[in-house]
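Descriptive analysis of the structure
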Amino acid sequence: MSTERITSRIDQSALTLFWPMIVIAGLALTLRPTLTSTGPLLEEIRLSTGIGLQAASLLVVLPMLCMGIFPLLLPWVGKRLSESTWITGGLFAIASAGLWRLWLGSGWSLIASALIGGTGIAIVQALAPGVVKRWYPRRVSLAMGIYSAALMAGGGIAATLSPLVAQHYGSWQAGLSIWLILPVIALLLWWLRPSEVMESKHSGVKVNFFSNRRAWLLASYFGLANAGYACMIAFLPTYARGLDWSAQSSGELIGIMTVFQVLGALGAPALSAKRLDRRPWLFFAVGIQIIGFVGLILMPASLLILWVALIGCGLGACFSLTLTVALDHLSLPKLAGALTAFVQGIGFIVTAIVPYFAGVLSEWTGSFQAVWLMLLITLVAMLIVTMKFAPTGYAKAMNLTNT
């Protein structure tokens, strides 16, 4: 009997540890297919709807803007509904956008679906890091790595399989709408999440990060870190098809990038977990992206997979590390969640601007090389800024008494 009780306790302990992470991973998987599924099918979409590259960039830009605006509104709108209600509503919005894509036929209706899906993504994404911090206060780095890896895996799976689904059903709409399955599954997982004592409404933390320079620096850094990802998912498939890659192969290229993103998102936080100073790994994450974009500029055709792999690994590591660094700045989960909401809010607005400007730049120059050069310059700037993220200066930099 005693052995059975011990086994039962071990099983319960393992379930307590891993079940919340499964729920978090389920949420994260829903956050990128709306964006990444369109890139590999962009040629078919443009032929069918007649939209140009500049308009097509809105399929990424609008969701990114939503990701920026909602976190900034969270201190006000979050008071009106509970965290559970917001996340449930966000998942419903993502699923609704996927369902609509099953039968839409115009470019502007597709862009409208991106706006609806982007709103849902913004809601879930703004609240998820706070959930991670609350559920895994002593394993933040590892938990954020798994969250980031699942987020990127969802995007890569969608980019890889969307062309196959579209080809099977003879419809690009089917290739986009299939991903409504993920938010439906995430809804079930969220409703079955571990029980916890929560306030009835999401309590907005009354801290004004708008007047804090470190919060703005973290937000700008996060925005530029994601700008490369936004440009890659928006334009890499089209760029590859200009090098005579097929729709399926260009989608698989995003899949390859995602595999290395996942490795970076899991590896860098795990390797940096025993030390609070994340800068060496941030240097690595930014540095290999620099190598990748230099390769895209100088030798795009011969070693394209290598450059994409390097960029993907750097993007994955940079995303998870940047959010982890933001969470590291404050010990209280509510304050840390509020800071990451601000960082994502301002950051995704920055991110949204870059691919739109990149679309204009590529149409103006008739080439994507200028886009890669622009991203290379931003990465060099990030490399310099990374020096400022010394853990010994976190408390002074936040200086909450003045915010």
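The notes below deal with the structure included here. (Residues numbered from 1 in each chain as written. Predicted model: local features only at pLDDT ≥ 70, side-chain atom pairs only at ≥ 80, totals over all residues. Heavy atoms only, no water.)

1. Concerning the overall build of the protein
The condition that has to hold: Labels follow the DSSP assignment, with helices taken as runs of H or I lasting at least four residues and strands as runs of E lasting at least two, numbered in each case from the N terminus. It is over C-alpha atoms that the radius of gyration is taken, and the globule rule equals 2.2 Å times the number of residues to the power 0.38. Relative accessibility decides the category of a residue: with a 1.4 Å probe and only protein chains considered, values under 20% of the type maximum give buried, values over 50% give exposed, and everything between is partly exposed. We call two residues contacting when some pair of their heavy atoms lies within 4.5 Å. All accessibility values rest on the Shrake-Rupley procedure with a 1.4 Å probe; residue burial counts only the protein chains present in the view. Lys and Arg are tallied as positive, Asp and Glu as negative. Neither His nor the chain termini are counted. Lys charges are placed at NZ, Arg charges at CZ, Asp charges at CG and Glu charges at CD.
When you go through the protein residue by residue, the secondary structure sums to 17 helices and zero strands. Taking 22 Å as the expected radius of gyration for a compact globule of 403 residues, we find that the protein reaches 21 Å, a close match to that expectation. Principal-axis analysis of the C-alpha atoms places the extent of the protein at approximately 60 × 45 × 45 Å. Taken over 403 residues, the protein has a buried fraction of 57%. Taking contacts inside the protein between residues at least 6 apart in sequence as the whole, the part at least 24 apart equals 84%. Taken as a whole, the protein presents about 16,500 Å² of accessible surface, with 69% of it coming from carbon and sulfur. Here the protein carries 24 positive and 12 negative side-chain charges, and the mean point of each set is 14 Å from the other.

2. Describing the packing of aromatic side chains
We apply this condition: The criterion for an aromatic pair is that two Phe, Tyr or Trp rings (for Trp, the six-membered ring) have centres within 6.5 Å, with stacked assigned to planes under 30 degrees apart, edge-to-face to planes over 60 apart and tilted to the rest. Ring-over charges, as used throughout, are those where CZ of Arg or NZ of Lys falls within 6 Å of the ring centre and within 35 degrees of the ring normal.
For the structure on display, the rule yields 15 aromatic pairs. Aromatic side chains Trp-135 and Trp-190 sit 6.3 Å apart centroid to centroid with 25 degrees between the ring planes, which places their arrangement in the stacked category. Linking Trp-135 in helix H7 (residues 107-135) with Trp-190 in helix H10 (residues 181-191), this pair joins segments that are 55 residues apart in sequence. Centre to centre, the rings of Phe-210 and Phe-342 are 5.1 Å apart; their planes meet at 85 degrees, and the pair counts as edge-to-face. One end of the pair, Phe-210, is in the loop between H10 and helix H11 (213-242); the other, Phe-342, is in helix H15 (residues 333-365), with 132 residues separating them in the sequence. Using a relative accessible area of 41% as the deciding quantity, one classes Phe-210 as partly exposed. Put simply, the rings of Phe-235, Tyr-239, Phe-293, Phe-368 and Trp-372 pair up and form one aromatic cluster. The ring of Trp-190 carries the charged tip of Arg-193 above its face, separated from the ring centre by 4.2 Å.

3. Brief notes about the pattern of salt bridges
Heads up, the rule is: By salt bridge we mean one thing: a side-chain nitrogen of Lys or Arg within 4 Å of a carboxyl oxygen of Asp or Glu.
Per the counting criterion, the structure on display carries five salt bridges. Across the pair Asp-277 and Arg-279 runs a salt bridge whose closest N-O atoms are separated by 2.9 Å. Here Asp-277 falls in the buried class, since its relative accessible area comes to 15%.

4. So, the side chain of Thr-34
Tracing the chain through its elements places Thr-34 in helix H2 (residues 33-36). With residues up to four places along the chain from it excluded, the contact list for Thr-34 reads Ile-94, Arg-101, Gly-117 and Ile-121.

5. Some words on helix H13 (residues 279-298)
Owing to its 3.6 residues per turn, the α-helix brings residues three or four apart onto one side. For clarity, the threshold we go by: One less than the residue count of a helix, multiplied by 1.5 Å, gives the span that helix is expected to have.
In a regular helix each residue adds 1.5 Å, so 20 residues correspond to 28 Å; H13 covers 28 Å between its end C-alpha atoms and thus fits that length. Every buried residue of H13 is listed here: Arg-279, Leu-282, Ala-285, Val-286, Ile-288, Gln-289, Ile-290, Gly-292, Phe-293, Gly-295 and Leu-296. Looking at the buried positions of H13, the neighbouring elements they touch are H11, helix H14 (304-328) and helix H16 (369-385).

6. A look at H11
The criterion, for reference: One fitted axis covers the seven residues ending at a residue, a second covers the seven starting there, and the bend at that residue is the angle between these axes. Think of a polar contact as two N or O atoms within 3.5 Å of one another; within protein, one of them needs to be a possible hydrogen donor and the other a possible acceptor, and neighboring residues in sequence only count if both atoms come from side chains.
Along its 30 residues, H11 runs 42 Å from first to last C-alpha, staying within 8% of the 44 Å computed at 1.5 Å per residue. The axis of H11 is deflected most strongly, by about 45 degrees, at Phe-235, and proline Pro-237 appears within four residues downstream. Of all 30 residues in H11, 23 are buried, a share of seventy percent or more. You can read the cap of H11 off the contacts: a side-chain oxygen lies 3.0 Å from the backbone nitrogen of Arg-214, and it is on Asn-212. The positive-phi residue at the C-terminal boundary of H11 is Asp-244, with phi of around 75 degrees.

7. Some words on the nonpolar core
To be explicit about the condition: By nonpolar core we mean a set of buried residues, namely Ala, Val, Leu, Ile, Met, Phe, Trp, Tyr and Cys, connected to one another through side-chain atoms within 4.5 Å.
Counting residues in each nonpolar core, the largest one holds 127 residues, and the members touching the most others are Leu-91, Tyr-147, Phe-293, Trp-372 and Leu-375. Looking at this core, the element that brings in the most residues is H11, giving 17 residues. Those residues in contact with Phe-293 that lie beyond four places of it in its chain are Met-232, Ile-311, Trp-372, Leu-375, Leu-376 and Leu-379.

8. Things to note about the environment of Ile-51
With respect to the element layout, Ile-51 can be found in the loop between helix H3 (42-49) and helix H4 (53-56). Exposure remark for Ile-51: the relative accessible area of 8% places this residue in the buried category. Taking the C-alpha atoms as reference points, Ile-51 and Trp-108, separated by 57 residues in sequence, lie 8.4 Å from one another. Excluding anything up to four places from it in sequence, Ile-51 contacts Ile-45, Arg-46, Ala-56 and Gly-107.

9. Topic: the packing of H3 against H11
The line we're drawing: The convention used is that axes are lines fitted to C-alpha atoms, helices contributing only their stretch in contact, and that angles between N-to-C directions extend from 0 to 180 degrees. In this scheme, roughly parallel covers angles under 35 degrees and roughly antiparallel covers those over 145, while 65 to 115 is roughly perpendicular and the rest are oblique. When residues are grouped by polarity, Ala, Val, Leu, Ile, Met, Phe, Trp, Tyr, Cys and Pro land in nonpolar, Asp, Glu, Lys and Arg in charged, and all others, Gly among them, in polar.
Where H3 meets H11, the axes come as close as 9 Å, and the angle between the chain directions of the two elements is 90 degrees. When the interaxial angle is binned, H3 and H11 end up roughly perpendicular. Contacts from Leu-42, Glu-43 and Glu-44 in H3 reach Ala-234, Thr-238 and Arg-241 in H11. In terms of residue class, the contact of H3 with H11 is built from two nonpolar, one polar and three charged.

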